[in-house]
Protein chains: 2
Amino acid sequence: MTAVAELFWTVSYDRTTVDQICERAGVKKGSFYHFFADKAELVDASLEREWEKYRPKLDAIFSASVPPAERIRAHCEFVVQEQRDLKACHGHVLGCPLCTLGTEISTQDGTLRRRVQGILEHGIGYLTTAIRDGHAGGDWQAPDARAKAERIHTYQLGLMIQARIYDDLGVLAELTRGTFELLGAAVPESTRVGGPGAAKTKTKTKTARVTAKTRAENRRP
Amino acid sequence: MTAVAELFWTVSYDRTTVDQICERAGVKKGSFYHFFADKAELVDASLEREWEKYRPKLDAIFSASVPPAERIRAHCEFVVQEQRDLKACHGHVLGCPLCTLGTEISTQDGTLRRRVQGILEHGIGYLTTAIRDGHAGGDWQAPDARAKAERIHTYQLGLMIQARIYDDLGVLAELTRGTFELLGAAVPESTRVGGPGAAKTKTKTKTARVTAKTRAENRRP
DNA sequence: CTGATAGTTGACTAAACGGTCAAATCAACT
DNA sequence: AGTTGATTTGACCGTTTAGTCAACTATCAG
């Protein structure tokens, strides 16, 4: 399951073969088919497992004991940091695995599509709660918290997709700022690192898209 | 080129085989390899051609002779209508072909990735101009038109992705409204169809996501 | 120790795949 | 009519793919 999660994220669902999965997992194909009917079933199980591994992290970030604005800010920065690590590890910006997979299989496999949907829905849930709490606390105006959450979630997905397509972490520098603009609130000061103003992380963002490196990437390396 | 554009959109890039392309195009494989070195080269050429076919439509929609707000509104509705037609034709919401393709090939093929990037960039260009014009005309406040355009574009991409993943046109019902909320302006009255208020197109949006049909879609139909 | 059950293995198939090629066809020009 | 170069064709090749299977092994309860 770990093997397949990495493969369909770094490569693609269709291009990932059962042989590759087995090799990566150190398992023979016969064993694979003993447990799973086909690739789709494995991916389905893998998604569920990865989500269960991810959930406690979100629970911590979106803890009700943290001020709502801080939850949302922390989540943004968590996502960016995660992408940084992945880029360092795999050499590419990978973006949101649910989008990558979901986009590819949506016209092929209804079951998988619905699983992806379900997980995305959970994400919107966290956001909705935080936004509702912030509204109740007067941090911002969002009478319809769910609608606001959907809008922000959509923006965030769009940014992740672009980060992958541009293969550029610079795109994500906008994440926090953009999110709070949509929220109609100021980005809260970081509560953990340094003093006030520590949130400023070198705003080389603006021209990031144009500066996209022209390094000689060949086809099918 | 037409064949491949349809296939990698309705199916997926990796899953689309050269044989399929040739069959769809009514061409023998030998002929194919006479003109293109491989699939990637064909897709590259196809993208360029499709973009050239698409460009005049955008030119018309974003014509400087049309009020800026109306350009943006018309574009939103054009996109939605296009998706409706595609759904009617192919049975699935296909979303943005650039995202579908870009997401899949971004870690594989640098050349294709950059071509997708370039076309997306053009899209942001149209939006930037319209936003700048609107700002100059006092329709909205957007001193940094480019930044605003990027934000809106990101939102729109996010929505398209979700429409595909959810396989639900209902998601797109938010497109115009969301766009203009980000713009900080009211949705202009439709100028072509019916009298004032004609823009209201049955707001069944709200629950759309939950209502996502549970029809029995099997794997690999 | 025994026997049942769960898991593992590598060899196997049949189909599909990307890609090649020599020969045939076509269109245009001399 | 003959020459040339661009295009088309279908047969072909080696590889990769998903998926199968009978035989083997580890585990563990009785």
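Residues numbered from 1 in each chain as written. Chains lettered and ligands numbered in written order. Predicted model: local features only at pLDDT ≥ 70, side-chain atom pairs only at ≥ 80, totals over all residues. Heavy atoms only, no water.

Trainee: Looking at this structure, how should I read the overall build of chain A?
Mentor: Counting secondary structure elements, chain A contains nine helices and zero strands. Listed N to C, the secondary structure of chain A is α-α-α-α-α-α-α-α-α in terms of helices and strands. Looking at chain A residue by residue over its 221 residues, the buried ones come to 53%. A separation of at least 24 residues holds for 64% of the contacts in chain A among residues at least 6 apart in sequence. (Helix = DSSP H or I, 4+ residues; strand = E, 2+ residues; numbered from the N terminus. Buried < 20%, exposed > 50% of the residue type's maximum accessible area, 1.4 Å probe, protein only. Contact = heavy atoms within 4.5 Å.)

Trainee: Help me out: how do you make sense of the protein's contact with DNA strand D in this one?
Mentor: Around DNA strand D lies a shell formed by Thr17(A), Val18(A), Asp19(A), Lys29(A), Gly30(A), Tyr33(A), Asp38(A), Lys28(B), Gly30(B), Ser31(B), His34(B) and Phe35(B). A breakdown of the atoms of DNA strand D within 4 Å of the protein gives sugar and phosphate a share of 58%. For the surface near DNA strand D, the secondary structure elements donating two or more residues are helix 2 (18-25) and helix 3 (29-35) of chain A together with helix 3 (29-35) of chain B. When its residues are assigned to classes, the surface near DNA strand D shows three nonpolar, five polar and four charged. (Near = heavy atom within 4 Å. Nonpolar A, V, L, I, M, F, W, Y, C, P; charged D, E, K, R; others polar.)

Trainee: Looking at this model, I keep getting lost on helix 1 (residues 2-10) of chain A. Mind explaining?
Mentor: A turn of α-helix holds 3.6 residues, and therefore any two residues three or four places apart point the same way. Residue and element names in this part refer to chain A. Across the nine residues of helix 1, seven count as buried, placing the element largely inside the fold. All of the buried residues along helix 1 are Ala3, Val4, Ala5, Leu7, Phe8, Trp9 and Thr10. Packed against the buried residues of helix 1 are helix 2, helix 4 (39-61), helix 5 (68-90), helix 6 (97-105) and helix 8 (145-166).

Trainee: I'm lost on the protein's contact with DNA strand C in this one. Help?
Mentor: Residues in contact with DNA strand C, as listed here, are Lys28(A), Gly30(A), Ser31(A), His34(A), Phe35(A), Thr17(B), Val18(B), Asp19(B), Lys29(B), Gly30(B), Tyr33(B) and Asp38(B). The separation between a phosphate oxygen of DNA strand C and a polar side-chain atom of Lys28(A) is 2.4 Å. Elements that contribute at least two residues to the surface near DNA strand C include exactly helix 3 of chain A together with helix 2 (18-25) and helix 3 of chain B. With four residues, the single largest contributor to the surface near DNA strand C is helix 3 of chain A. A class-by-class count of the residues in the surface near DNA strand C yields three nonpolar, five polar and four charged. (Polar contact = N/O pair within 3.5 Å; in protein donor to acceptor, adjacent residues only side chain to side chain.)

Trainee: Looking at this structure, how should I read the packing of helix 8 of chain A against helix 6 (residues 97-105) of chain B?
Mentor: The axes of two packed helices give the description: the angle between them and the distance between them. Running from N to C, helix 8 of chain A and helix 6 of chain B cross one another at 55°; their axes reach a closest spacing of 8 Å. With respect to their mutual orientation, helix 8 of chain A and helix 6 of chain B come out oblique. Taken as a pair, helix 8 of chain A and helix 6 of chain B cross one another with a handedness that is left-handed. For the pair helix 8 of chain A and helix 6 of chain B, the contacting residues are Ile161(A), Arg164(A) and Ile165(A) in the first and Leu98(B), Cys99(B), Gly102(B), Thr103(B) and Glu104(B) in the second. Taken together, the residues of the contact of helix 8 of chain A with helix 6 of chain B sort by class into four nonpolar, two polar and two charged. (Axes fitted to C-alpha atoms, helices over the stretch in contact; angles between N-to-C directions. Parallel < 35°, antiparallel > 145°, perpendicular 65-115°, else oblique. Left-handed = near helix turned anticlockwise from the far one by under 90°.)

Trainee: Sorry, what's going on with the pattern of salt bridges here?
Mentor: If charged atoms from side chains of opposite charge come close, those side chains can pair. This structure, assessed with the given rule, holds 38 salt bridges over all chains. The residue Glu181(B) makes a salt bridge to Lys148(A) at a minimum N-O spacing of 3.7 Å. Of the two residues, Glu181(B) sits in helix 9 (residues 175-183) while Lys148(A) sits in helix 8, which places them in two different chains. With a closest N to O distance of 2.3 Å, Arg151(A) and Glu181(B) form a salt bridge. On the criterion of chain membership, the pair formed by Arg151(A) in helix 8 and Glu181(B) in helix 9 is interchain, its members lying in two chains. On the accessibility criterion, Arg151(A) (7% relative accessible area) is buried. (Salt bridge = Lys/Arg side-chain N within 4 Å of Asp/Glu carboxyl O.)

Trainee: Just to check I follow, could you spell out the interface of chain B and chain A for this structure?
Mentor: Interfaces are frequently sized by the accessible area removed from exposure as the parts join. Listed per partner, the contact involves 63 residues of chain B and 62 residues of chain A. Together, the buried faces of chain B and chain A total about 5300 Å²; carbon and sulfur atoms form 47% of this surface. Here chain B and chain A share 10 salt bridges between them. Notably, a salt bridge pairs Arg15(A) with Asp14(B), separated by 3.2 Å at the nearest N-O pair. (Buried area = accessible area lost by both parts, 1.4 Å probe.)

Trainee: How should I be thinking about the side chain of Asp44(B) in this particular structure?
Mentor: Residue and element names in this part refer to chain B. Following the sequence through the fold, Asp44 ends up in helix 4 (residues 39-61). Given a relative accessible area of 15%, Asp44 falls into the buried group. Of note is the side chain of Asp44, whose polar atom sits 3.0 Å from the side chain of Arg115.

Trainee: Explain the environment of Leu47(B) to me, please; I cannot follow it from the model alone.
Mentor: All names here are of chain B. As for its position among the elements, Leu47 is in helix 4. Residue class for Leu47 comes out buried when judged on its relative accessible area of 7%. Between the C-alpha atoms of Leu47 and Leu98, which are 51 residues apart in sequence, the distance is 8.8 Å.

Trainee: Where do I start with the packing of aromatic side chains in this structure?
Mentor: The geometry of two aromatic rings is summed up by the distance between their centres and the angle between their planes. Residue and element names in this part refer to chain A. This model, assessed by the stated rule, comprises eight aromatic pairs over all chains. Considering the side-chain rings of Phe32 and Tyr33, the 4.9 Å spacing of their centres and the 85° angle between planes classify their relative orientation as edge-to-face. Assessed through its relative accessible area of 6%, Phe32 is described here as buried. According to the relative accessible area criterion, Tyr33 is partly exposed, its value standing at 44%. Across from the ring centre of Tyr13, 4.6 Å away, lies the NZ or CZ of Lys39, which sits over that ring. (Phe/Tyr/Trp six-rings, centres within 6.5 Å; stacked < 30°, edge-to-face > 60°. Lys NZ or Arg CZ within 6 Å of the ring centre and 35° of its normal.)

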